[in-house]
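Descriptive analysis of the structure
As a plain string of letters, each chain reads:
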Amino acid sequence: MKKLMFIAAVAFSTAIFAQEIVTRSVQSYQTDSYKAKKKVFVEALLSKMTLMEKIGQLNLPSAGDFTTGQAQSSNIGKKIEDGLVGGLFNIKGAEKIQAVQKVAVEKSRLKIPLIFGMDVIHGYETNFPIPLGLAASWDMKLIQQSARVAANEAASDGISWTFSPMTDISREPRWGRISEGSGEDPYLGSEIAKAMVYGYQGKDLSLKNTIMACVKHFALYGAGEAGRDYNTVDMSRIRMFNEYFQPYKAAIDAGVGSVMASFNEVDGIPATGNKWLQTDVLRNMWGFKGFVVSDYTGINEMIDHGMGDLQQVSALALNAGVDMDMVGEGFLTTLKKSLDDGKVSQATIDEATRRILEAKYDLGLFENPYQYGDPKWAAKEVYSQENRNIARNTAAQSMVLLKNDKQVLPLKARGTIAVIGPLVNNSLNMAGTWSVGAKHANSVSLMKGLQDNFGKDVQFISAKGSNIDYSEKLENIYAAHGKLTDRDNRSKEILLKEAVDVANKADVIILAIGESAEMSGESSSRTHIDIPQSQVDLLNELKKTGKPIAMVLFTGRPLALTNVKDVPDAILNVWFSGTEAGNAISDVLFGKINPSGKLPVTFPRSLGQIPLYYNHKNTGRPLSPEKTEKCEYERFKSNFMDECNTPLYPFGFGLSYTQFKYGDMSVSTSDLKGNQTLQASVTVTNSGNFDGAEVVQLYIRDLVGSITRPVKELKGFQKVFLKKGESQKVTFNITPEDLKFYNSSLIYDWESGDFDIMIGTNSDEVQRTKITWNK
Ligand code: BGC
């Protein structure tokens, strides 16, 4: 047998990270003289603009290369000439973009360049794992690097603005867009938000390879009732500030250049027209200085929310603090009248225009309107082998090993392996949702990855086994945006028999099942969060062959895997891992890379448990730890008669091919005062047979508070790489900053008292020590 080399996961990720890691906001590098020059320039330009030219800057039509909503704008070229367009999105290609820029810069009266946006969400043409998968890497350098690669590619092809990061906290697996965010945790979500902003924006936005980020969807989009997309949100302010707002704020603190308003309502007023949200919180409390863009026809949609006619809702949005109107042209068509009618002020229009001009100035567009988009650079940069190598490694680091009985994984590169499942030969579905820049036909399918990397040593034989779903109607809905699933119209019996015959000839089965790419993403809510029955039947049939089964799980959301988890010998959750999916999955299956991903979101046992999240409150009638552990019912306690309280896989969970042993946790002291620092340490030993990385997690519980506090909150994590046999002491430095929360007056501070400090391998398996900390 050919001996496979284990690549040191973390060492690998840092070795190829050629770009400098950024840790400060781009604004913090801007000098006073730069700011003064910008002010003079922007004010001079503003003073020359007509009212309609100002309103034009606030208009963001879609060019229509691809659409994400109902409407498209018409007559864009003419509008650009007339100075009625501030930016454009959904247009791809350096040459095309330069040609449009030329119209703005040469034909419009004031020659103001356009800003070109795109949903570069998890990569441009080189796609990285979906954001929920990226989050599972818990590797901030890798995440920053993925945004850097995306920015390089997008900028070389003409894009100066990305609608990312999406930082909506969600505890709602029914919601398809949970795939686009970083999961359920405010702390992890905040760290990722920063890493993404730094990656896109770098230290200097005016450089040709840095692009403006846009944190979205402000706010609370991930908390729609029943997980139905665009649905009503109703939440206490305590919860907003302590849980859902944190990652948006982290992006603001990291200097994100723009913010996108969300579709949903917040406190009874749509976010797009909510002044408390877009001005009082965002600007006055958090000090945001950039511009706010609506979501796609978000202003017009306030008509259906019941907020008035187009003129009314457009004025409402502008007065609330929204500066740019995406697609709907409510601003363009009504703001002049609203000014005449006294519904908006000149000063408000000027302020919005100023913010757009300042952003263009920061991007260096006035100096060189053509700096983004260079066909020669794009030819080298976009989808380059180097970028794909980075994507391949990142994808492997995002995979989460959920089960590995009898060490079925890593597979041995020999003999015959059956590769079965509806997406085994499907490259279109590998990149996952929101991959508008990708050329999907290029993505590496699972079968191709296996053949290319191990085809010399292993005989791979394959069968589809089942369709994604028994229902053709549903499968068509799932593939509505073009990520086809190659439905096989033979009967289910024939498909199953073919798969069983193939499996019988093999030593081991790789069974790839789960969701197809568009079962998650925008407008992709589901009421059933399990694997469709057609694929469960396939799994059960294959089990009868007695062959070991390594299940590869494709998913864009936490699935309830209760009915399948005992059947396969191993389960590797690969999410949708991007352009390099097939290669990266092969790397992990055969042990070239030892999996180290950890779940950024809870996987429930059943739909009825939702919402289920690790940082919940205790309630006045908590189930005892013993009953919780044994999954036993207790009358008049907070539990279910027919289901456990615990999840199937907790937040932070993920196995490795090796084992990590935790020594006893220690703290530097158990009695602290004021601004001291507490050290909490643990020694972690790689006691298994493979080199590997472990994410060591720190949680804190505030035992008594002026408001009820969660049973634990993530407050730190470190991903450490350990060679087999190696030990490392991992230390967390804890300060009062880590104890702060918003109290009922929304004051952010900490309170004296007792705290549980916890360290562990996931949110459930922790050691705990009690300390006292007084002011
Ligand atoms: C989505 C946004 C996206 C926008 C532009 C909307 O439908 O909600 O996340 O950025 O379209 O494509």
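Relevant structure appears above.
It should be emphasised that the depicted structure is a prediction, and the values quoted were computed from it without experimental measurement. (Residues numbered from 1 in each chain as written. Predicted model: local features only at pLDDT ≥ 70, side-chain atom pairs only at ≥ 80, totals over all residues. Heavy atoms only, no water.)

Across its full length, the protein chain carries 23 helices and 27 strands. Rg of the C-alpha trace for the protein chain: 26 Å, near the compact-globule value of 28 Å for 775 residues, within the 12% margin. Projected onto the principal axes, the alpha-carbon positions of the protein chain cover approximately 75 × 65 × 50 Å. For the protein chain, buried positions account for 63% of its 775 residues. Considering only intrachain contacts with a sequence separation of at least 6, the fraction spanning at least 24 residues in the protein chain is 79%. Here the protein chain has roughly 28,200 Å² of accessible surface; of this, 49% comes from carbon and sulfur atoms. Each charge sign in the protein chain was given a centre, from 87 positive and 89 negative side chains, and these centres are 3 Å apart. (Helix = DSSP H or I, 4+ residues; strand = E, 2+ residues; numbered from the N terminus. Rg over C-alpha atoms; globule rule 2.2 N^0.38 Å. Buried < 20%, exposed > 50% of the residue type's maximum accessible area, 1.4 Å probe, protein only. Contact = heavy atoms within 4.5 Å. Areas by Shrake-Rupley, 256 points an atom, 1.4 Å probe, with all protein chains shown as cover. Lys, Arg positive; Asp, Glu negative; His and termini not counted. Charge placed at Lys NZ, Arg CZ, Asp CG, Glu CD.)

Around the ligand, 14 residues are found, and the nearest of them are Asp119, Arg177, Lys216, His217 and Asp295. In the model, an oxygen atom of the ligand is placed 2.7 Å from a nitrogen or oxygen of the His217 side chain. Between an oxygen atom of the ligand and a side-chain N or O atom of Glu522, the distance comes to 2.8 Å. In isolation the ligand offers 310 Å² of accessible surface; the protein chains occlude 100% of this area. (Near = heavy atom within 4 Å. Polar contact = N/O pair within 3.5 Å; in protein donor to acceptor, adjacent residues only side chain to side chain.)

On to the packing of helix α9 (residues 237-244) against helix α11 (residues 275-285). Two elements in contact, α9 and α11, have axes separated by 15 Å at closest approach and are oriented at 50°. Taken together, α9 and α11 sit at an angle that is classed as oblique. Pair α9 / α11 crosses with right-handed handedness. Note on element contacts: α11 touches α9 through Trp276, Val281 and Met285, opposite Arg237, Met240 and Phe241. Considering only residue class, the contact of α9 with α11 consists of five nonpolar, no polar and one charged. (Axes fitted to C-alpha atoms, helices over the stretch in contact; angles between N-to-C directions. Parallel < 35°, antiparallel > 145°, perpendicular 65-115°, else oblique. Left-handed = near helix turned anticlockwise from the far one by under 90°. Nonpolar A, V, L, I, M, F, W, Y, C, P; charged D, E, K, R; others polar.)

Bringing the pattern of salt bridges into the picture now. In the structure shown here, the tally under the stated rule is 45 salt bridges. Between Glu541 and Lys544 there is a salt bridge whose closest N-O contact spans 2.8 Å. For Lys544, a relative accessible area of 65% puts it in the exposed group. Each member of the salt-bridge network shares a partner with another, and the members are Glu43, Arg283, Asp323, Glu351, Arg354 and Arg355. (Salt bridge = Lys/Arg side-chain N within 4 Å of Asp/Glu carboxyl O.)

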